[in-house]
Amino acid sequence: MKKVIGFAILAGVLAGCYTPLNNSGVATTKPWLEIPAKRIDFAGKQYDSCYRFDLRFWPPEAAERLDLQQTCLSACCWRSDKEEVTLDFNKNFEHDLTAYGRARKYSPGQITLKVNHTNWLNTTRVTISPRNAITTNGLVKLSYKEYDDPARLAQLEAQARQAAQAAAQRVKTEAQQTQQPAVTEPTKPKTAKPSSDSLPTLASVHPAQTLLQRIAGPKIDSYFYQMNKRYHKQGAVFLLSERLLYPQVTDTDTYLVSCLAKARTGLDSAHLQASTFPCGQWIVNITTQTVTPYDSRAKLMWNP
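It should be emphasised that the depicted structure is a prediction, and the values quoted were computed from it without experimental measurement.

Asks: Requested: an account of the side chain of Arg65, with residues and values cited.
Replies: Structurally, the position occupied by Arg65 is in the loop between strand S5 (56–58) and strand S6 (77–78). Dropping the residues within four chain positions of it, Arg65 is found in contact with Asp88, Phe89, Asn90, Asn92, Phe93, Asp96, Arg104, Tyr106 and Arg297.

Structure (structure tokens):
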């Protein structure tokens, strides 16, 4: 009799932690664990379910390190196919540091979510590791540190200078080749030198930068606009400042342009800190006037 009473009390306590979700008729141990669909056998018992994690992230851009579909954030996953999901926020850290010279390392770097179902309670449970990595209302709050690779940053700047010099030389050469000799002095042809105003300097905008801004600029702007909306939705501040474009020649008239954006972010305007956001690597062809996303971040902006 005591066992029966104890069992009933335990069931009641557990039931108090469960939250009915949607119209699936399944309870869960977390309000952010959704069960959009289930599979039942002939006896009416569930043998499989499709689950989704309705999570929010701070900082919001941490979610960009994840494959939202594979991690069951943008689409539900069948439990029979995948009972455990790992959110790996530092997966692309080394790539970003090598590509852009700057990258963030998040903590915790990984969060593991394991899902299982108890038929007698009609409840789906999720186990989190580290245990307190996600709040009750589904907020994943991460800390991070920004790392710089001074050698890579110097290399990018040097490549940008070299690309600008090459562009200036090309313009100068083309101007000299197309200049017609003067007809008034046949014995001493003169070649007019292009004016200094027509030649780009080291500080001028490179043609690859101009083309990237014209073709991909709106998509990059839209990316940061959506980021600003995500910050604003959480009552935080996102202030975008300058955007840096580093062209690196890869072939004749073809450049790999690395994009970095500087911003100040924080939970409020009194606690802002400087941040650097990679905005993709792009293949820019001056001759064909085309821009192609190169890395995963650029592809995300190109096809959001």
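Asks: Describe the state of the cysteines, and please don't skip the residues or the numbers.
Replies: Tallied over the entire structure, the rule returns three disulfides. Covalent S-S linkage joins Cys50 and Cys76, the inter-sulfur distance amounting to 2.1 Å. Between Cys50 and Cys76, the S-S dihedral sits near 90°, and the bridge is therefore right-handed. Here Cys50 is found in strand S4 (residues 46–53), whereas its partner Cys76 is found in the loop between S5 and S6, with 26 residues between them in sequence. For Cys50, a relative accessible area of 1% translates into the label buried. Under the relative-accessibility criterion, Cys76 is labelled partly exposed at 32%.

Asks: Describe in detail the packing of aromatic side chains, supporting the description with residues and values.
Replies: On inspection of all chains with the given rule, the structure shows 12 aromatic pairs. When the ring of Tyr51 is compared with that of Phe53, the centres are 5.3 Å apart and the planes differ by 50°; the resulting orientation is tilted. Both residues of the pair, Tyr51 and Phe53, count as buried. Aromatic side chains Phe93 and Tyr147 sit 5.6 Å apart centroid to centroid with 80° between the ring planes, which places their arrangement in the edge-to-face category. Linking Phe93 in helix H2 (residues 93–100) with Tyr147 in strand S12 (residues 143–148), this pair joins segments that are 54 residues apart in sequence. Here Phe93 falls in the buried class, since its relative accessible area comes to 6%. Among the aromatic residues, ring-to-ring pairing joins Trp58, Tyr223, Phe224, Tyr231, Phe238 and Phe277 into one connected group. Across the ring face of Trp78, the terminal group of Arg39 is positioned such that the distance to the ring centre comes to 3.6 Å. Cation over ring: Lys219 sits above Trp302, and NZ or CZ is 5.2 Å from the ring centre.

Asks: Before we move on, can you summarise the nonpolar core with the specific residues and values?
Replies: Ranked by internal contacts, the top residues of the largest apolar core, which has 28 residues, are Leu212, Ile220, Phe224, Trp282 and Val284. Looking at this core, the elements with two or more residues in it are helix H4 (207–215), helix H5 (217–233), strand S13 (237–251), strand S14 (254–266), strand S15 (273–285) and helix H6 (296–302). Aside from chain neighbours lying at most four places away, what touches Ile220 is Arg243, Cys259, Cys279, Trp282 and Met301. Counting residues in each nonpolar core, the second largest holds 27 residues, with Val26, Trp32, Phe89 and Val126 among its members.

Asks: Provide a residue-level description of the layout of surface pockets, including the pertinent values.
Replies: Empty space among the atoms becomes visible once a probe the size of a water molecule is rolled across them. When its volume is computed, the largest pocket comes out at roughly 1,200 Å³. In terms of lining, the largest pocket is formed by 39 residues, of which the most central are Ala63, Glu64, Leu66, Leu68 and Leu300. Secondary-structure elements contributing two or more residues to the lining of the largest pocket are S4, S5, strand S7 (84–88), H2, H5 and H6. Sort the elements by how many residues they give to the lining of the largest pocket and H5 lands first, with seven residues.

Asks: So what's going on with empty space enclosed by the protein? Which residues, and what values?
Replies: Taken as a whole and judged by the stated rule, the model has one cavity of 30 Å³ or more. Within this model, the largest cavity holds a volume of roughly 150 Å³. If you trace the largest cavity, you find 13 residues lining it, with Arg65, Arg104, Tyr106, Pro278 and Arg297 closest to the centre. When residues of the lining of the largest cavity are traced back to their parent elements, those giving at least two are strand S8 (102–107) and S15.

Reading the values: the criteria
Residues numbered from 1 in each chain as written. Predicted model: local features only at pLDDT ≥ 70, side-chain atom pairs only at ≥ 80, totals over all residues. Heavy atoms only, no water. Helix = DSSP H or I, 4+ residues; strand = E, 2+ residues; numbered from the N terminus. Contact = heavy atoms within 4.5 Å. Disulfide = S-S within 2.5 Å. Buried < 20%, exposed > 50% of the residue type's maximum accessible area, 1.4 Å probe, protein only. Phe/Tyr/Trp six-rings, centres within 6.5 Å; stacked < 30°, edge-to-face > 60°. Lys NZ or Arg CZ within 6 Å of the ring centre and 35° of its normal. Core = buried A, V, L, I, M, F, W, Y, C linked by side-chain atoms within 4.5 Å. 1 Å grid on protein atoms, 1.4 Å probe; cavity = no way out; pocket = protein on both sides within 12 Å on 5 of 7 lines; lining within 4 Å. Points joined across faces, edges and corners; volume = space filled by probe spheres on them.

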